[in-house]
Amino acid sequence: MRLDPVARVLLTGILGGSIRKNPIFLLSSKYVKGQCMFNPILHFMAKDLAIDLGTANTLVYVKGKGIIADEPSVVAVHRDSRGAKKVIAVGNDAKNMLGKTPGNIDAIRPLRDGVIADFEITEAMLKYFIQKANGRKSRARPRIVISVPSCITPVEKRAVKESAESGGAKEVYLIEQPMAAAIGAGLPITEPNGSMIVDIGGGTTEVAVISLAGIVYCNSVKAAGDKIDLAIIQYIKRKHNLLIGERTAEMIKINLGSAYPDPDEERITMEIKGRDLVGGTPNTLEVSSAEIRQAISDPVKAIVEAIRIALERTPPELAGDIVDKGIVMSGGGAMLKNIDVLIKETSRLPVSVAGNPTTAVCEGAGKALDEVKLLREIASYI
Ligand SMILES: Nc1ncnc2c1ncn2[C@@H]1O[C@H](COP(=O)(O)OP(=O)(O)OP(=O)(O)O)[C@@H](O)[C@H]1O
Ligand SMILES: [Mg+2]
């Protein structure tokens, strides 16, 4: 017995239960073997997604469920003797391999400085996250909202869109990261009132002034978490002749790093491990909070400077609103100890960190997915 796919959906609804257990389904071997016959149904079942495709972390929001994945943007790839590549791990599992892989395995971060550095790997990563949301065996092609850095070029935007389409998306909407962050942080973006959001991620710091659902001014600099980690690696190498990896540097930043002195924490120290550059042997060393603050001062200054320039270029009426409401920060970098204190001190404005700094962008993109009118207003078309 052959049935039109739409009729089958209706019948399944009437009969109840899983379509696979349905007797009508079992009668038709064509439906078992012919996967393509399922496509109309699976389109129907696709779960719409919002993705924060970040340099450091990728987050996935599923309509009606909330955030279902928050994993590092890292992919581990195995190369065989003929050079053919195969993805062996994505996300948490792949990050654990960073800096520890043998010659035939690469742990790759496909996004650098906020943009796609490796398209093929980005596509594989997106495919992994889409499958995670929709189920491994599902051929459903969802609608996806993706947040992208505000200052990327149309060519880069197209690359993100095409990667998502090849990764399994049916329709792709791009929204600018600071806009998503502002929505996620609960700022009144649709009002005729200036709001300033500073999102410090892994690759970029984005400073934006938003009013009437539009970005009035935006400044994006490539000084954020990764540059802070790099500054720590370079400092330890120069000052202590010790070579450390990216993961150790990030750990030092999170445990010991700060942007502004705190008398209670100046003497806190931490033991770190690496390879001695003189003897070539593994070695341990103690570093203090005060010296790490010094080590990261250049990228931190670059972030502060980006905010100063944005404030200088904000139209006066909106600047007045920001004086009253202050600056709201988001992104993982906003959790660097005392960065809010430093920005408060240098801008002489009230500064606060969003309640959900690391998830604000994804939550904001998710809200746009839920509200079609808002999405139409803020999505960029390419
Ligand atoms: N407690 C902390 N202190 C300092 N930095 C932190 C802390 N927690 C996380 N970070 C840093 O935040 C960065 C990741 O932030 P986030 O997930 O917002 O970046 P992303 O969205 O992936 O990057 P981007 O927006 O630039 O593409 C990393 O550099 C991480 O080391
Ligand atoms: Mg981000």
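Reading the values: rules and limits
- Residues numbered from 1 in each chain as written.
- Chains lettered and ligands numbered in written order.
- Predicted model: local features only at pLDDT ≥ 70, side-chain atom pairs only at ≥ 80, totals over all residues.
- Helix = DSSP H or I, 4+ residues; strand = E, 2+ residues; numbered from the N terminus.
- Contact = placed C-beta atoms within 7 Å.
- Pairing = 2+ DSSP bridges.
- Axes fitted to C-alpha atoms, helices over the stretch in contact; angles between N-to-C directions.
- Buried ≥ 20, exposed ≤ 12 C-beta atoms within 10 Å, placed from the backbone.
- Right-handed = clockwise from strand over helix to strand, strands pointing away.

## Description of the overall build of the protein chain
Turning to step 1, where the next piece is worked out: Along the protein chain, the regular secondary structure elements total 16 helices and 18 strands.
Turning to step 2, where the next piece is worked out: Residue pairs at least 24 apart in sequence account for 65% of intrachain contacts in the protein chain once pairs closer than 6 positions are excluded.

## Focus on the sheet that holds strand E4 (residues 75-79)
Turning to step 1, where the next piece is worked out: Reading across from one edge, E5-E4-E6 is the order of the three strands in this open sheet, with antiparallel pairing throughout. The open sheet terminates on both sides in strands that have one partner only, identified here as strand E5 (85-90) and strand E6 (105-108). Across this sheet, the average inter-strand angle for adjacent strands is 25°, counted without regard to direction.
Turning to step 2, where the next piece is worked out: When E4 meets E5, the two strands line up antiparallel, connected through five bridges. Note on E5: the bridge partner recorded for Val77 is Val87.
Turning to step 3, where the next piece is worked out: The sheet strands contacting helix H6 (residues 119-134) are E4, E5 and E6, and the helix crosses E4 at an angle near 120°.

## Considerations on unusual backbone geometry
Turning to step 1, where the next piece is worked out: Even without being glycine, Asn338 reaches a positive phi, approximately 65°.
Turning to step 2, where the next piece is worked out: Its location among the elements puts Asn338 in the loop between strand E17 (327-330) and helix H14 (339-347).
Turning to step 3, where the next piece is worked out: Under the C-beta neighbour-count criterion, Asn338 is labelled partly exposed, with 18 such atoms within 10 Å.

## Comments concerning the sheet that holds strand E3 (residues 66-72)
Turning to step 1, where the next piece is worked out: What the five strands build is an open sheet, ordered E3-E2-E1-E9-E10; its pairing is mixed. Two strands in the sheet have a free side with no partner beyond their single neighbour: E3 and strand E10 (171-176). Adjacent strand axes in the sheet meet at a mean angle of 20° when their direction is disregarded.
Turning to step 2, where the next piece is worked out: With six bridges connecting them, strand E9 (residues 143-148) and E10 associate as parallel partners. Considered in E10, the bridge of Ser147 is made with Ile175.
Turning to step 3, where the next piece is worked out: Packing of helix H7 (residues 154-167) onto the sheet brings it into contact with strand E1 (49-53), E9 and E10, and relative to E10 it is tilted by some 140°.
Turning to step 4, where the next piece is worked out: Lying over the sheet, helix H8 (residues 177-184) contacts E9 and E10, oriented at roughly 80° with respect to E10.

## Regarding the pairing of E17
Turning to step 1, where the next piece is worked out: Burial along E17 is two-sided: the residues Ile327 and Met329 and Val328 and Ser330 are all buried.
Turning to step 2, where the next piece is worked out: One ladder, built from four bridges, connects strand E11 (residues 195-200) with E17; its direction is parallel. Note on E17: the bridge partner recorded for Met196 is Ile327.
Turning to step 3, where the next piece is worked out: Judged from the three bridges that link them, E17 and strand E18 (residues 351-353) form a sheet pairing that is parallel. Bridge pairing in E18 links Met329 to Val353.
Turning to step 4, where the next piece is worked out: Once the chain exits E17 it traverses H14 before rejoining the sheet at E18, and the crossover so formed is right-handed.

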